[in-house]
Each structure stands twice: as C-alpha cells, then as structure tokens.
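# What the coordinates show
Listed below are the residues making up each chain.
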Amino acid sequence: MALLTDLVNLNLSDSTKKVIAEYIWVGGSGMDLRSKARTLAGPVDDPSKLPKWNYDGSSTGQAPGEDSEVILYPQAIFKDPFRRGNNILVMCDAYTPAGEPIPTNKRHNAAKVFSHPDVAVEEPWYGIEQEYTLLQKDVKWPIGWPKGGYPGPQGPYYCGIGADKAFGRDIVDAHYKACLYAGINISGINGEVMPGQWEFQVGPSVGISAGDELWVARYILERITEIAGVVVSFDPKPIEGDWNGAGAHTNYSTKSMRKEGGFEIIKKAIEKLGHRHKEHIAAYGEGNERRLTGKHETADINTFKWGVANRGASIRVGRDTEKEGKGYFEDRRPASNMDPYVVTSMIAETTILGKQ
C-alpha cells in the first residue's frame, strides 16, 4: 500500500509527458499570494508559450461578483521545487478580460519603466534583502519565544548559532535550497537581530526580474512554512518595543554607477531620491512608520539622509564603493512588506528618468 508521501513524490516522467504548472499571482491585499495548478501537454520553458488563464477575482478582492473574471498572463517560469521533475512555477500578472491591468497589478507599470530605452541601456541591478519573522501558528508569537513572554535582549541572535539563539533554521535552509533549485538568484541568508527573524537576499537581478524572483521566493517560503506548520510574517514591526523591525533593503546600481567615476553618478542619484522622499516613503510598504523611528538601525521616516557605512541613514553607501569610486548604494527605507515591482521601478524612474 502506497503512503501519502509516496504519492506526493511520484515522478510523473516515469509514466507521462504531461507536466503541472502552478500559476502564481498577487492577491487583493497587494501582499497575499494566490496560486492554482493546471496540466500541460509537455514541458514549457518560455512564458509566451503558456496559455492565459482566469480566476474568480471576487474571491480575492480584485473584482465584483457580477463581473468576477480576471485573466492571468504568464510572465516568468521557475522550476517547481515541490513537485520537481519538469513541473514549473509560473509568475503571472492580472488583467481584465478587455486586457487592462487590474489595480493590484503593479508589474505592468514596472515593466513599462524597465523597457524604457533610457532605463534598459543602464541595465539596473538590484539586490533585495528580504527580512521576515517566523511565528507560532496558534498564538502568532515568534518561534523560540516563550508564549506570552520575551526572550533575552537583542545581541546574541544576529547570525547566531545554537538552540537558544537560532530558531527555525531548518525552514530557512529548506527555503534557501528550494530557491536555488527553482532558478532564483538567491545570494544568501542570515539570522537577524530579533530572535525568530531571518533574512534572505535575492540578486543581483536585472530590471523586472528582481520583482519576479522576490515574489516567487516569497511564495516558496510561504509554501515551506505551510508544510512546517509555522506562519511567516512580513510585518515591518511585528513586536513593539526594543526589538528590530523588518525591512527589505534594496541595493541598486546602474551601468554608469559601476564604471569609473560612478560615485559621482551615485551622489546625483541620491540627491534625486531625496527630492522625492515623501513619494517613495508612501510607496515603500504599509506600517513603515512603526519601523522607521530613528532607532534600531533606521532613519526617522520624516528625515532623508545618506552616509558611508551608516546603518542609521536612509541611503547607505558601502566603504568599498567610496574607496573604488564606483559601485552601488543601499536604499534602507523599504519595509519588509513592500511590493518589489513598485520599489525597483520607482528607484529607476527617479534616478534614471528623473521623475520629479
């Protein structure tokens, strides 16, 4: 008699050429991920060759009940680390039947920014540091914390090891390997300052792919925590008090910044970001005012400042960039629940296209 795990792990290629495609999209809150699967006649590696699909937008907060059909357009393909074989994950964006992007489709506008000739020629690179907190499912309290109580103060947990310092490493490592298997350009992981909080980094990724890869990395993390019976939170300040919040620091460079003399281009770009500080803050995630207080390695939400190696600044420039006169900078303002399509395209729009 086959066990459930045996059936879940069946290798379809032993008996059929058909494959399973899991279509993924962003739901009505702008942060929730949804997905459903369909059977394809055979392997596909080009999203333009995948069929469009539809779903009930009235059940995701994205369409009224009397006109509920929303159309999914496949945009990026990744290998499926859960079903493995030739099965795939498909990142999609959502449109009305008439072909108009629905309001929560932030990818559409980002793709227009990244396809602008002035942006494309600069080959913008992004490296996004996604912080998140693992919570106990029934009490929504960080894993490793006593129920209703608190662990010892921050200090030993950042990049810490040991059963009293690192909570959830099996989930973190499973996610790391699953992202590598999927083809996501995940570049590292580490334990964060608050116990139960972790970070993974995606990048360097070029243009629109940064958003695609981060969303699918989030999807994979949600699926793994589902299996583990743990809840992942992207709240920018999950625990009030003397505990670090969670951000999505976004590292950025253009071709001009990476060339000799690039530091001058970087300084001009930072100046442009300062002029649009309020607009960026408004687009950088919900609840960010609880995180950007001027404490816990943040700049105050109402203040824009930059500095070399300054983790209390809005924009941090690394020592290596200053020394070499070229490189990249880090926008430390985005919250952990930011939309990467919005943040990456807005940075390009401000620094390259000069939007005021």
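This text goes with the structure placed above it.
Now for a description of the structure that goes with this document. (Residues numbered from 1 in each chain as written. Predicted model: local features only at pLDDT ≥ 70, side-chain atom pairs only at ≥ 80, totals over all residues. Heavy atoms only, no water.)

### Description of the environment of Lys36
Heads up, the rule is: Secondary structure elements follow DSSP: runs of H or I of four or more residues count as helices, runs of E of two or more count as strands, with numbering from the N terminus. The buried label applies to any residue whose accessible area, calculated with a 1.4 Å probe on protein chains only, is under 20% of its type's maximum; exposed applies above 50%, and partly exposed to all values in between. We define a polar contact as two N or O atoms separated by no more than 3.5 Å, with the added condition that, inside protein, one atom must be a possible hydrogen donor and the other a possible acceptor, whereas residues neighbouring each other in sequence contribute only through side-chain atom pairs.
The residue Lys36 is located in strand β2 (residues 33-40) in this model. Of the residues examined, Lys36 reaches a relative accessible area of 26% and is grouped as partly exposed. Taking the C-alpha atoms as reference points, Lys36 and Glu22, separated by 14 residues in sequence, lie 5.6 Å from one another. From its side chain, Lys36 meets the backbone oxygen of Asn54 in a polar contact 2.5 Å long.

### Re the nonpolar core
In a soluble, globular protein the nonpolar side chains are often hidden away together inside. Selection rule: In plain words, nonpolar cores are sets of buried Ala, Val, Leu, Ile, Met, Phe, Trp, Tyr and Cys residues tied together by side-chain atoms within 4.5 Å. Contacts: residue pairs with any heavy atoms within 4.5 Å of one another.
Of all hydrophobic cores here, the largest spans 58 residues; its most connected members are Met91, Tyr132, Leu134, Ile184, Phe200, Ile220 and Phe329. The element that contributes the greatest number of residues to this core is helix α5 (residues 208-228), accounting for nine residues. Apart from residues no more than four positions distant in its own chain, Leu134 is found in contact with Trp141, Pro142, Ile143, Phe167, Gly168, Ile171, Gly196, Trp198, Thr225, Val230, Val231 and Val232. Leu50, Tyr55, Val90 and Ala94 belong to the second-largest nonpolar core, a separate cluster that totals 16 residues.

### Regarding the side chain of Glu131
The test is simple: Positive charge is attributed to Lys and Arg, negative charge to Asp and Glu, and no charge count is given to His or to the chain ends. Criterion for a salt bridge: a side-chain nitrogen of Lys or Arg within 4 Å of a carboxyl oxygen of Asp or Glu.
Relative to the helices and strands, Glu131 resides in strand β6 (residues 125-136). Buried within the structure, Glu131 lacks any salt-bridge partner; its nearest side chain of opposite charge belongs to Arg291, at an N-O separation of 5.4 Å. At a separation of 2.6 Å, a polar atom in the side chain of Glu131 contacts the main-chain amide nitrogen of Gly247. Contact partners of Glu131, with chain neighbours within four places excluded, come to Glu192, Gln197, Trp198, Glu199, Phe234, Gly245, Ala246, Gly247 and Ser336.

### Considering the sheet that holds strand β5 (residues 88-95)
Worth spelling out the cut-off: Strands are labelled as partners when DSSP assigns at least two bridges between them. Lines fitted to the C-alpha atoms define the axes, with helices restricted to the stretch that makes contact. Angles between their N-to-C directions range from 0 to 180 degrees.
Strands sit in the order β2-β1-β5-β4-β3 across an open sheet of five strands; the sheet is mixed. Two strands close off the open sheet at either side, each with one partner strand: β2 and β3 (53-56). Sheet twist, expressed as the mean angle between neighbouring strand axes with direction ignored, is 40°. Here α5 sits on the sheet in contact with β1 (19-26), β2, β4 (69-79) and β5, set at roughly 115° to β5.

### Regarding the pattern of salt bridges
By the definition in use, this model includes 14 salt bridges. Of the charged contacts, one joins Arg83 and Asp80 as a salt bridge, the two residues approaching to 3.5 Å between their closest N and O atoms. One salt bridge in this structure joins Arg332 and Glu330, with 3.1 Å as the shortest N-O distance. Just as Arg332 is buried, Glu330 falls in that class too. One network of salt bridges, in which partners are shared, links Glu22, Asp80 and Arg83.

### Concerning the environment of Met31
In this structure, Met31 sits in the loop between β1 and β2. In this structure, the C-alpha to C-alpha distance between Met31 and Phe234, residues 203 residues apart in sequence, is 9.0 Å. Non-local contacts of Met31, meaning those with residues more than four positions away in its chain, are made with Val26, Trp215, Arg218, Phe234 and Asn337.

### Examining the packing of aromatic side chains
Worth spelling out the cut-off: Put simply, two rings from Phe, Tyr or Trp (the six-membered ring, in Trp's case) pair if the centres are within 6.5 Å, and we call them stacked under 30 degrees between planes, edge-to-face over 60, tilted for the rest. Each ring is checked for a lysine NZ or an arginine CZ that lies within 6 Å of its centre and within 35 degrees of its normal; such an atom marks a charge sitting over the ring.
Throughout the structure, instances matching the rule amount to twelve aromatic pairs. Between Tyr23 and Trp53, the ring centres sit 5.2 Å apart and the planes meet at 80°, which makes this aromatic pair edge-to-face. Linking Tyr23 in strand β1 with Trp53 in strand β3, this pair joins segments that are 30 residues apart in sequence. Among the residues examined, Tyr23 registers a relative accessible area of 0% and is labelled buried. For Trp53, a relative accessible area of 18% translates into the label buried. The rings of Phe114, Tyr126, Tyr252 and Phe329 are connected pair by pair, giving a single aromatic cluster. One cation-aromatic arrangement involves Lys267 over Phe263; the distance from NZ or CZ to the ring centre is 5.0 Å.

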